[in-house]
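Each chain, written out:
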Amino acid sequence: MKLSVSDNIKKLIPYPPGKPLKELEREYGISDSIKMASNENSLGPSPKAVQAITQALANLHRYPDGSCYYLAASLADRLGVKADELVFGNGSNEIIELLVGAFVSPGDEVISSQPSFLVYQTMVQAQNGINRVVPLKDMRHDLDTILADINDRTRLIFLDNPNNPTGTVFNRKEFESFLSRVPETVIVVLDEAYVDFVDPSLQLDVRDYLGNNTAVVGLRTFSKAYGIAGLRVGYGIMNAEIADYLHRVRQPFNVNELAQVGALASLNDEDFYQKTLSMTRDGISWLTTEISKLGCKVFPTHTNFFLVDVGLDAKLLYNKMLTRGVIVRAMNAYGYPFFIRITVGLPTENERLVKALAETLEEMRNG
Ligand SMILES: *Cc1c(COP(=O)(O)O)cnc(C)c1O
C-alpha cells in the first residue's frame with residue numbers, strides 16, 4: 001500500500017476501546033463486576049423499550065424510516081417545537097459529527113473547553129478544522145476567555161452544560177450575557193446530555209434561544225436518563241435552517257429501526273424516567289456522604305456522575321478497584337491524576353463501591 005494520509009488524521013488517537021466486561025472478569029478472575037464508569041443508567045433499559053423492541057424484531061429485513069417520523073412527531077409535541085427543528089442521530093455523537101461536517105471547512109476554528117467531552121475535538125480534527133481549547137476555570141466553562149478566542153474563522157463553540165467530567169453548570173444569566181456577545185456567524189452548541197438531572201431551577205433551556213440572532217443548537221440523548229446507550233439515539237434541537245444543512249450531510253438511514261422504536265417507548269415511560277431521577281438524586285447524596293467519610297473530597301454535581309479527589313494516583317486506584325470488581329473512571333487522561341469519576345449505581349452497587357473504595361484507600365495509604 002502507498003496511502004496518502006493527511007497529518008490531521010495521522011495525529012488522531014483512537015478512542016481507547018475499553019475491554020468488554022466479560023474479558024476483564026476473565027483476566028482478573030472475578031465475577032459480578034459492576035460498571036460505574038460511563039454515566040449509563042444502572043436501572044437498565046426501560047421495560048417498555050425492551051417490549052417494543054422485541055415486537056419490532058420481525059421487521060429487521062426493512063430499512064428504517066429515514067425521517068424518524070414517529071419519534072420526531074412525539075418528541076416535537078412533548079418539547080413544544082416543530083418536527084423540522086429536530087435532527088436525530090446515531091447517538092448525539094453523530095449530531096456533533098454532522099455539525100462539524102456541515103459547518104467546518106479545513107482551517108476553520110472550533111472552540112471547546114478542556115477538560116470536556118472528547119468527541120468535539122476528535123470530530124474537528126478529522127475534518128481538518130482547528131481546535132481552540134480553553135481550560136476550565138474553577139472547573140467551569142471560562143465563558144469570558146472563550147469569547148476572547150472568537151475570530152473570523154470561528155464556526156462553532158461546544159459547551160457541555162452540565163460539563164463532563166466536572167458536573168458543573170453555568171446559569172441562565174451567565175449564558176445570556178455570553179450569547180449576546182457571540183457573533184451571528186457562529187453556532188453555539190449547548191450539549192445537554194445530562195439536562196434531565198439538573199435541578200429545574202438551574203435548567204437552561206435551548207428552546208428559549210431558537211429564534212435568537214446567534215444560532216444555538218441543543219444536543220440531547222437517550223443514552224443517559226432514558227437508559228438506552230446501547231441503541232445509540234440522540235438528537236439536536238435547532239433552527240430549521242440549520243437542521244436542513246445537517247440533513248444534507250447525514251446518511252439517509254442513520255438511526256436504526258430498533259433505536260427509533262426503543263427511543264419512542266422510553267420517551268413514554270414516565271415511571272422509569274422518574275425512578276431514574278430519584279435513584280440518581282438519592283445515590284449522589286448517599287455516596288457524597290459516605291465517600292467524604294473516607295477522607296476524599298467529593299465535588300458537587302448536577303449530573304448522574306461526580307468527581308472524587310482521592311489524593312492518590314488515580315490509575316493505580318482504578319486498577320485496585322477493578323480487582324474488587326468495581327469499575328470507575330481514572331481521570332489521569334483528563335489532566336486530573338488524583339481524581340476518579342464515579343457514575344451513580346443502584347443502592348447495592350453504591351454500597352459495594354464504597355466498601356471497595358474504603359479497602360483500596362486503606363491498602364494504598366498503608367502501602
Ligand atoms: C454521554 C454524553 C453524550 C451522549 O452521547 P451519545 O452519543 O448520545 O451516547 C453527549 N455529550 C456528553 C457531554 C456526554 O457525556
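Residues numbered from 1 in each chain as written. Predicted model: local features only at pLDDT ≥ 70, side-chain atom pairs only at ≥ 80, totals over all residues. Heavy atoms only, no water.

Undergrad: What is the right way to look at the domain arrangement of the protein chain in this model?
TA: How big an interface is tends to be reported as the loss of accessible area on association of its parts. The domain architecture assigned to the protein chain consists of domain 1 (18–45 + 271–366) and domain 2 (47–267). For domain 1 and domain 2, the distance between their C-alpha centres works out to 27 Å. Contact residues are listed per partner, giving 24 residues for domain 1 and 27 residues for domain 2. Linking domain 1 with domain 2 are zero salt bridges, by the criterion used here. There are five residue pairs in polar contact (both at pLDDT 80 or more) connecting domain 1 and domain 2. (Domains from an automatic or database assignment. Contact = heavy atoms within 4.5 Å. Salt bridge = Lys/Arg side-chain N within 4 Å of Asp/Glu carboxyl O. Polar contact = N/O pair within 3.5 Å; in protein donor to acceptor, adjacent residues only side chain to side chain.)

Undergrad: How should I be thinking about the layout of surface pockets in this particular structure?
TA: Over the atoms, a rolling probe the size of a water molecule traces out where space has been left empty. Approximately 600 Å³ is the volume found for the second largest pocket. Forming the walls of the second largest pocket are 28 residues, and the residues nearest its centre are V195, D196, F197, Q203 and Y273. Of all the secondary-structure elements, those providing two or more residues to the lining of the second largest pocket are α4 (69–79), β7 (215–221) and α11 (270–293). Looking at the lining of the second largest pocket, the element that brings in the most residues is α11, giving six residues. Broken down by class, the residue content of the lining of the second largest pocket amounts to 14 nonpolar, six polar and eight charged. Two domains each donate at least three residues to the lining of the second largest pocket, and these are domain 1 (18–45 + 271–366) and domain 2 (47–267). (1 Å grid on protein atoms, 1.4 Å probe; cavity = no way out; pocket = protein on both sides within 12 Å on 5 of 7 lines; lining within 4 Å. Points joined across faces, edges and corners; volume = space filled by probe spheres on them. Helix = DSSP H or I, 4+ residues; strand = E, 2+ residues; numbered from the N terminus. Nonpolar A, V, L, I, M, F, W, Y, C, P; charged D, E, K, R; others polar.)

Undergrad: Sorry, what's going on with the packing of helix α5 (residues 92–103) against helix α9 (residues 240–249) here?
TA: What describes two packed helices is the angle between their axes and the distance between those same axes. Where α5 contacts α9, the axes come no closer than 9 Å and their chain directions differ by 95 degrees. On the basis of the axis angle, α5 is roughly perpendicular to α9. The residues of α9 that touch α5, namely those facing I95, L98, L99, A102 and F103, are I242, Y245, L246 and V249. Classifying every residue of the contact of α5 with α9 by side-chain character gives nine nonpolar, no polar and no charged. (Axes fitted to C-alpha atoms, helices over the stretch in contact; angles between N-to-C directions. Parallel < 35°, antiparallel > 145°, perpendicular 65-115°, else oblique.)

Undergrad: How should the side chain of E290 be read in this particular structure?
TA: Looking at where E290 falls in the secondary structure, it is placed in helix α11. Among the polar contacts listed, one links the side chain of E290 to the side chain of K293, at a separation of 3.0 Å.

Undergrad: So what exactly am I meant to see when it comes to the sheet that holds strand β9 (residues 297–298) here?
TA: Strand pairing in a sheet takes place through backbone hydrogen bonds and is either antiparallel or parallel in direction. Strand order in the open sheet made by the four strands is β9-β10-β13-β12, with antiparallel pairing throughout. If you trace the sheet from one side to the other, it starts and ends with β9 and β12 (329–330), each paired once. Taken together, the five bridges between strand β10 (residues 305–309) and strand β13 (residues 339–343) define a ladder with antiparallel strand orientation. When the bridges of β13 are listed, V308 appears paired with I340. Along the sheet, α11 makes contact with β9, β10 and β13, crossing β10 at roughly 5 degrees. (Pairing = 2+ DSSP bridges.)

Undergrad: Just checking my understanding: could you explain the site of the ligand for this structure?
TA: If you check the shell around the ligand, you find 13 residues, and the closest are N93, Y194, T221, S223 and K224. Separating a nitrogen atom of the ligand from a side-chain N or O atom of D191 is a distance of 2.6 Å. In the model, an oxygen atom of the ligand is placed 2.7 Å from a nitrogen or oxygen of the R232 side chain. For the ligand, whose unbound accessible area comes to 390 Å², protein coverage reaches 94%. Tallied by class, residues from the shell around the ligand come to three nonpolar, six polar and four charged. (Near = heavy atom within 4 Å. Areas by Shrake-Rupley, 256 points an atom, 1.4 Å probe, with all protein chains shown as cover.)

Undergrad: Which parts of the structure should I look at to understand the nonpolar core?
TA: Side chains that are nonpolar tend, in soluble globular proteins, to be buried together. If you look at the biggest cluster of nonpolar residues, it comprises 54 residues, and the most contacted ones within it are F88, L159, F175, F178 and V233. Residues from two domains meet in this core; each of domain 1 (18–45 + 271–366) and domain 2 (47–267) gives at least three. Among all residues touching F178, those that are not within four sequence positions of it are L143, I146, L147, I157, L159 and V188. Core analysis: the second largest hydrophobic core is formed by 32 residues, I34, V308, A314 and V344 among them. (Core = buried A, V, L, I, M, F, W, Y, C linked by side-chain atoms within 4.5 Å. Buried < 20%, exposed > 50% of the residue type's maximum accessible area, 1.4 Å probe, protein only.)

Undergrad: Please explain α11 as it appears in this structure.
TA: The end-to-end C-alpha distance of α11, which contains 24 residues, comes to 35 Å, matching closely the 34 Å that a straight helix rising 1.5 Å per residue would cover. For α11, the full list of buried residues reads F272, Y273, T276, L277, M279, T280, G283, I284, L287, E290 and I291. Buried residues belonging to α11 abut α3 (47–56), β9, β10, β13 and α13 (347–366). G295 occupies a position one or two residues after α11 and carries a positive phi of about 85 degrees. (Expected span 1.5 Å × (residues − 1).)

Undergrad: I would appreciate a short explanation of the pairing of strand β3 (residues 109–114) in the present structure.
TA: Regular strands place their side chains on alternate faces of the sheet. Most of β3 is tucked away: five of the six residues are buried. Crossover handedness for the path β3 to helix α6 (residues 119–126) to strand β4 (residues 130–135): right-handed. Two strands pair when backbone bridges link them, and β3 and strand β5 (residues 154–160) are joined in this way by three bridges, in the parallel orientation. Across the sheet, residue E109 finds its bridge partner in β5, namely T154. (Right-handed = clockwise from strand over helix to strand, strands pointing away.)

Undergrad: Explain the packing of aromatic side chains to me, please; I cannot follow it from the model alone.
TA: Working definition: an aromatic ring pair is given by the centre-to-centre distance plus the angle between the planes. Overall, the coordinates contain 15 aromatic pairs when judged by the stated rule. Their ring planes at 10 degrees and their centres at 5.6 Å tell us that F170 and F175 sit as a pair that is stacked. Judged by its relative accessible area of 0%, F175 falls in the buried class. In this structure, K297 packs its charged tip against the face of F299, placed 4.6 Å from the ring centre. (Phe/Tyr/Trp six-rings, centres within 6.5 Å; stacked < 30°, edge-to-face > 60°. Lys NZ or Arg CZ within 6 Å of the ring centre and 35° of its normal.)

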